[in-house]
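Chain by chain, the residues:
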Amino acid sequence: MAFHLRRTEVLDGEQLHAMLDESPARAAQAILMAAKEGVLDAQALLGQILLDGRGIERDEALALRWFQIAAQGGHLMARNMLGRCLEHGWGCVADERAAAGEYRLAAQAGLDWGLYNYANLLATGRGVTQDQQQALACYRQAAELGHAKSMNLLGRYLEEGQFCAQDVTAARDWYRRSAEGGDFRGQFSYAAVLADQGQVEAALAWLHKALEGGNLKFLQVAHQALAAAHDPQIRAMAQAYQQREAQLEAL
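Taking an unreviewed UniProt entry as the reference, the chain is identified by name as Sel1 repeat family protein belonging to Pseudomonas hygromyciniae.

A few words now on the overall build of the chain. A tally of regular secondary structure across the chain gives 14 helices and 0 strands. Shown N-terminal to C-terminal, the secondary structure of the chain runs as helices and strands in the order α-α-α-α-α-α-α-α-α-α-α-α-α-α. Since a compact globule built from 251 residues should have a radius of gyration of about 18 Å, the 20 Å found for the chain is in line with a globular shape. Counting only C-alpha atoms, the chain reaches 60 × 40 × 30 Å along its principal axes. Counting only residues that meet the buried cut, the chain has 45% of its 251 residues in that class. With an accessible surface of roughly 12300 Å², the chain has 49% of that area assigned to carbon and sulfur atoms. The distance from the centre of the 23 positive side-chain charges to the centre of the 30 negative ones in the chain is 2 Å.

Attention now moves to the side chain of Asp183. Within the element layout of this structure, Asp183 appears in the loop between α10 (168-180) and α11 (184-196). Residue class for Asp183 comes out buried when judged on its relative accessible area of 5%. Here the side chain of Asp183 touches Lys149 through a polar contact of 3.2 Å, side chain to side chain. When residues no more than four places from it in sequence are discounted, the contact partners of Asp183 are Ala148, Lys149, Asn152 and Ser178.

This brings us to unusual backbone geometry. Both trends apply: most residues other than glycine have a negative phi, and most peptide bonds are in trans. The phi dihedral of Phe163 is positive, around 55°, even though this residue is not glycine. With respect to the helices, strands and loops of the structure, Phe163 is situated in the loop between α9 (148-160) and α10.

The rules we used
- All chains use their own residue numbering, which begins from 1 and follows the written sequence.
- Two thresholds apply to this predicted model, a pLDDT of at least 70 for residue-level local features and 80 or more for giving and counting side-chain atom pairs, whereas whole-chain, interface and lining totals are computed over all residues.
- Just so you know, side-chain values use all the structure's heavy atoms and leave hydrogens and water out.
- A run of DSSP states H or I qualifies as a helix once it reaches four residues; a run of E qualifies as a strand once it reaches two. Both are numbered from the N-terminal end.
- Computation of the radius of gyration draws on C-alpha atoms, with the globule rule given as 2.2 Å multiplied by the number of residues to the power 0.38.
- Type-normalised accessible area, obtained with a 1.4 Å probe on protein chains alone, sets the label of each residue: buried when under 20%, exposed when over 50%, and partly exposed for intermediate values.
- For the accessible areas, the method is Shrake-Rupley and the probe is 1.4 Å, while residue cover comes only from the protein chains on display.
- Note that His is not counted, nor are the chain ends; the positive residues are Lys and Arg, and the negative ones are Asp and Glu.
- A charged residue contributes its charge at one atom only: NZ of Lys, CZ of Arg, CG of Asp or CD of Glu.
- Each polar contact in these results corresponds to two N or O atoms within 3.5 Å; when the atoms are within protein, one needs to be able to donate a hydrogen and the other to accept it, and residues that are neighboring in sequence are counted only if both atoms are side-chain atoms.
- Should any heavy atoms of two residues lie within 4.5 Å, those residues are considered in contact.

If you want it as structure tokens, here you go:
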């Protein structure tokens, strides 16, 4: 069985996607067998389902091991996920310096998620010496590869003129592309652009999309920003964001 990856950070096999939904245990067994036979994508997929506990008992330490095996075989997303495990302490003691090393290798090989994650560490000085110029270069490279989250962050650098020449027009275009690419922060950023231009209905549509996909940390910041908005319709969205925030906190 051939395995392929979607363009998301979560590893998944296109041919096993339906099986994972309909019969996770059966899919996990197929992945396990292929991984043991040395199928590189299956080894990476096994790491992901072990990390998620999908169709198989959750085991972060074993997930880490399979990511290591796949990364050693040249699997770039597995190397990126190995970095994620090291950064967050999934199945190991957290080690941001080691995580940065894995992200750097994935970034140097041109993986968009590796570029993004490495840029995040460079921008904050976690595990590496802070280097905003290099972070910006990585975000830009990932954005040009189609990485929606990086598009939003590139837009922010350009809008504020941080470590680059200010270019509001380019920033707004990157926000639009990020929003259309499905990043909830990009959708929020683009909504702000539209609101500033007086396109309130269009802004509200993007705010609703950002609300649907946003995580808790994002919602906590976003609802405060909405509460300070000038337009009453946009300001009213703060309540919906706060309600969604409360729902996620209760999970």
